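Coordinates in review
Listed below, chain by chain, are the residues.
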Amino acid sequence: MVPALVATAIAAGASSSAADPPTPIECQVRSELAAAKGDGLKAIAWAVSLVTLDPHSSYALSRVASLYENFGDDSAALDWGQRALAVDSLNSEAAMLVGRVSCLVGDPARAAAALTPPLRRSGAAPELYALRALAHELDRNYGAALADLKRTGSLLPDFEWIATGILGMALEDGRLGEAYSAFQLAMELRPGDTRTLALGISLAQRLGNPALERTLLRALRASEVR
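What counts and what doesn't
- Residues numbered from 1 in each chain as written.
- Predicted model: local features only at pLDDT ≥ 70, side-chain atom pairs only at ≥ 80, totals over all residues.
- Heavy atoms only, no water.
- Helix = DSSP H or I, 4+ residues; strand = E, 2+ residues; numbered from the N terminus.
- Expected span 1.5 Å × (residues − 1).
- Buried < 20%, exposed > 50% of the residue type's maximum accessible area, 1.4 Å probe, protein only.
- Axes fitted to C-alpha atoms, helices over the stretch in contact; angles between N-to-C directions.
- Left-handed = near helix turned anticlockwise from the far one by under 90°.
- Contact = heavy atoms within 4.5 Å.
- Nonpolar A, V, L, I, M, F, W, Y, C, P; charged D, E, K, R; others polar.
- Core = buried A, V, L, I, M, F, W, Y, C linked by side-chain atoms within 4.5 Å.
- Phe/Tyr/Trp six-rings, centres within 6.5 Å; stacked < 30°, edge-to-face > 60°.
- Lys NZ or Arg CZ within 6 Å of the ring centre and 35° of its normal.
- Salt bridge = Lys/Arg side-chain N within 4 Å of Asp/Glu carboxyl O.
- Parallel < 35°, antiparallel > 145°, perpendicular 65-115°, else oblique.

Attention now moves to helix α5 (residues 74-87). Between its first and last C-alpha atoms α5 spans 20 Å; for 14 residues at 1.5 Å apiece the expected length is 20 Å, and the two agree. By the burial criterion, the buried members of α5 are Ala76, Ala77, Leu78, Trp80, Gly81, Ala84 and Leu85.

Laid out in structure tokens, this is it:
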């Protein structure tokens, strides 16, 4: 598909005028207009034309990656996203894209690596920390996942599901200390969540803590009644 789209991009640029090739701003505007009309192929074609005119623009490369992701072509999206990061490793949008797609295709280590450079900048977006926390979770690096999750600031309650996910995976792996840390955080964020309570009961049984088990059983029953 990629060679065909490149050919389409060249044709799109050539059709505007052989004597007056499109400018970068024209390529960008035409790509955005095509995307707004739901014409993904044409939007990608014009975005590729922009890269042809400005091959060292991380923004232009990441725009192609984003369009491919929206188009459902994860492989092409990942390829263009990595090209964008090769030009500018601090490009947060490209890092988020590579992070998302890498997690989806089962390569969380690559996701975490792509997200790390922009997180070294002051004032990094909380979403970057949340996505790297998810990548660490999927890579079974639970301590790092919890540390990143706690750096999401005011958005932390929105990512309670990551803490519960860490709890479930750590419990499955028999890493009870990390599971307990994740349980504490998840309970702090959503104390009445039935999945967290159920996993907490399993954790209490594994820890040999009957008092905690009884407390969580009561809380789970109360939650199910509401």
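Having seen the structure, we can now continue with the description.
Relative to each other, helix α4 (residues 58-71) and helix α6 (residues 92-104) sit at 35 degrees, their axes nearing to 10 Å. Considering only the axes of α4 and α6, their crossing is left-handed. The segment α4 lies against α6, with Ser62, Ala65, Ser66 and Glu69 engaging Ala94, Leu97, Arg100 and Val101. Within the contact of α4 with α6, the residues separate by chemical class into four nonpolar, two polar and two charged.

Another point: the nonpolar core. Ranked by internal contacts, the top residues of the largest apolar core, which has 66 residues, are Trp80, Leu149 and Ile162. In contact with leucine 149, other than residues within four places in its own chain, are Ala133, Leu156, Phe159, Ile162, Ala163 and Leu185.

For the rest of this paragraph, the subject is the packing of aromatic side chains. On inspection of all chains with the given rule, the structure shows one aromatic pair. Ring centres of tyrosine 180 and phenylalanine 183 lie 6.1 Å apart, and the angle between their planes is 35 degrees; this geometry places the pair in the tilted category. Taken together, the positions of tyrosine 180 and phenylalanine 183, both in helix α11 (residues 176-189) and three residues apart, correspond to about one turn of that helix. Taking the ring centre of tryptophan 80 as reference, the NZ or CZ of arginine 83 above it sits at 4.1 Å.

On to the pattern of salt bridges, then. Inspection of the entire model under this criterion finds 10 salt bridges. Where aspartate 107 meets arginine 110, a salt bridge forms, and the shortest distance between an N and an O atom there is 3.3 Å. One salt bridge connects arginine 140 with aspartate 173, and the closest N-O pair in it is separated by 2.8 Å. With arginine 140 in the loop between α8 (126-138) and α9 (142-149) and aspartate 173 in the loop between α10 (160-172) and α11, this pair connects stretches of sequence that are 33 residues apart. Residue class for arginine 140 comes out partly exposed when judged on its relative accessible area of 34%. Residue classification places aspartate 173 among the partly exposed positions, given a relative accessible area of 30%. Put simply, Arg132, Asp148 and Arg151 are held in one network by salt bridges that share partners.

With their axes 8 Å apart at the nearest point, α8 and α9 run at an angle of 165 degrees to one another. In terms of orientation, α8 lies roughly antiparallel with respect to α9. As for how α8 packs across α9, the hand of that crossing is left-handed. On α9, the residues touching Tyr129, Arg132, Ala133, His136 and Glu137 of α8 are Tyr142, Ala144, Ala145, Asp148 and Leu149. Within the contact of α8 with α9, the residues separate by chemical class into six nonpolar, one polar and three charged.

Honestly, that's just the spatial picture; any functional story needs more than this.
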